[in-house]
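The residues making up each chain are set out below.
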Amino acid sequence: NLMPKKIQTENQFARLIGATPLQIELSLIRMSEHQTRNTAAEHMAEFYRPFAEVADSGQKFDGLIITGAPIEHLPFEEVTYWDELVQVMDWTQSHVQSTFGVCWGGMAMIYHFHGVQKHMLDRKAFGCFRQQNLAPSNPFLRGFADDFVIPVSRWTEMRQAEIDDGGLKTLLAGTDTGPCLVEDAGHRALYIFNHFEYDSDTLKQEYDRDVANGTPINVPLNYYPEDDPSRPPLNRWRGHAHLLYGNWINEIYQSTPYDPDQIGR
């Protein structure tokens, strides 16, 4: 979990991965040396394990989620914990059956494994943007509609031509916001650059925060009824969020070796 509001992010992902009939044991992992300023130290000490401890234990995992982080403006190598995150990503290849990189986490993984760069946008992509289902028969998209919306909140983009050069498969994409979900079968990974996990009011919280701070920000597009921020926002992505994470867990369940020691071999 690389997000500053760690408890909020924990709850968002726990709701999704805990909604299937399978019993899920959730382990929370943090960067070993990086100290968070937005979550109580007592919470971190009680619920999180540093990655170094996890790596030393030799424990293997069915799945791993690497969250986003609000550090898009920095080159990857300038992130204070980049060297350790590289260790995490390499470790997934021998200790994790399937890894899900989310937003900046997905950008970091596709950059590390394939050299695909993120590019700064002239203005923030902010709101609920339409996406197209490019691979309806893919098992990760089982039950998906052909067209739907997803929350987007980022200052960077990935470019389809550069992803194509890496031999990856784009499963979801939007006309206005580019690639959304990419499958990297060679590394047993998915990369999503948008936010199915967001709660109904997460974009509202981000918008209200920027308005209160005097930060220039557009009203999130296609989020409030008639784009009126005085009205309660509508959640139109929840069903697809549960579908995607449920499909991911189903694929993990069907593909993980019965003997955990065989994961990554």
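This report concerns the structure included in the present document. (Residues numbered from 1 in each chain as written. Predicted model: local features only at pLDDT ≥ 70, side-chain atom pairs only at ≥ 80, totals over all residues. Heavy atoms only, no water.)

## Here we look at the sheet that holds strand S8 (residues 178–184)
Next, step 1: In space, the seven strands of this open sheet follow the order S3-S4-S9-S8-S7-S5-S6, with mixed pairing throughout. Because the sheet does not close on itself, it has two edges, and the strands there are strand S3 (61–66) and strand S6 (147–157). Here the average twist between neighbouring strands, direction ignored, is 25 degrees.
Next, step 2: Alignment of strand S7 (residues 169–174) against S8, held across five bridges, turns out to be antiparallel. Looking across to S8, one finds that Leu-172 is bridged to Leu-181.
Next, step 3: Against the sheet, helix H5 (residues 104–114) contacts S3, strand S4 (96–102), S6, S8 and strand S9 (189–192), and its axis sits at roughly 120 degrees relative to S4. (Pairing = 2+ DSSP bridges. Helix = DSSP H or I, 4+ residues; strand = E, 2+ residues; numbered from the N terminus. Axes fitted to C-alpha atoms, helices over the stretch in contact; angles between N-to-C directions. Contact = heavy atoms within 4.5 Å.)

## Overview of the nonpolar core
Next, step 1: Formed by 38 residues in total, the largest nonpolar core has its most connected members in Phe-100, Leu-181, Ile-192, Phe-196, Leu-244, Tyr-245 and Trp-248.
Next, step 2: It is helix H8 (residues 238–255) that provides the largest number of residues to this core, a total of six residues.
Next, step 3: Excluding residues that lie within four positions of it along the chain, Ile-192 makes contacts with Phe-100, Gly-101, Val-102, Cys-103, Ile-150, Cys-180, Leu-181 and Leu-244. (Core = buried A, V, L, I, M, F, W, Y, C linked by side-chain atoms within 4.5 Å. Buried < 20%, exposed > 50% of the residue type's maximum accessible area, 1.4 Å probe, protein only.)

## A word on the pairing of S9
Next, step 1: Here S9 shows two buried faces, one formed by Ala-189 and Tyr-191 and the other by Leu-190 and Ile-192.
Next, step 2: Pairing analysis gives four bridges linking S4 to S9, with the strands arranged parallel. For Val-102, the partnering residue across the bridge sits in S9 and is Ile-192.
Next, step 3: As defined by bridge partners, S8 adjoins S9 across four bridges and the pair is classed as antiparallel. Residue pairing for S9: Leu-181 is matched across the bridge by Ile-192.
Next, step 4: The hairpin turn running from S8 into S9, its antiparallel successor, is four residues long, and Arg-188 in that turn takes a positive phi close to 50 degrees.

## Observations concerning helix H4 (residues 82–95)
Next, step 1: Look at H4: 19 Å from first C-alpha to last across 14 residues, which is about the 20 Å you get at 1.5 Å a residue.
Next, step 2: The inward-facing, buried residues of H4 contact helix H3 (51–57), S3, S4 and H5. (Expected span 1.5 Å × (residues − 1).)

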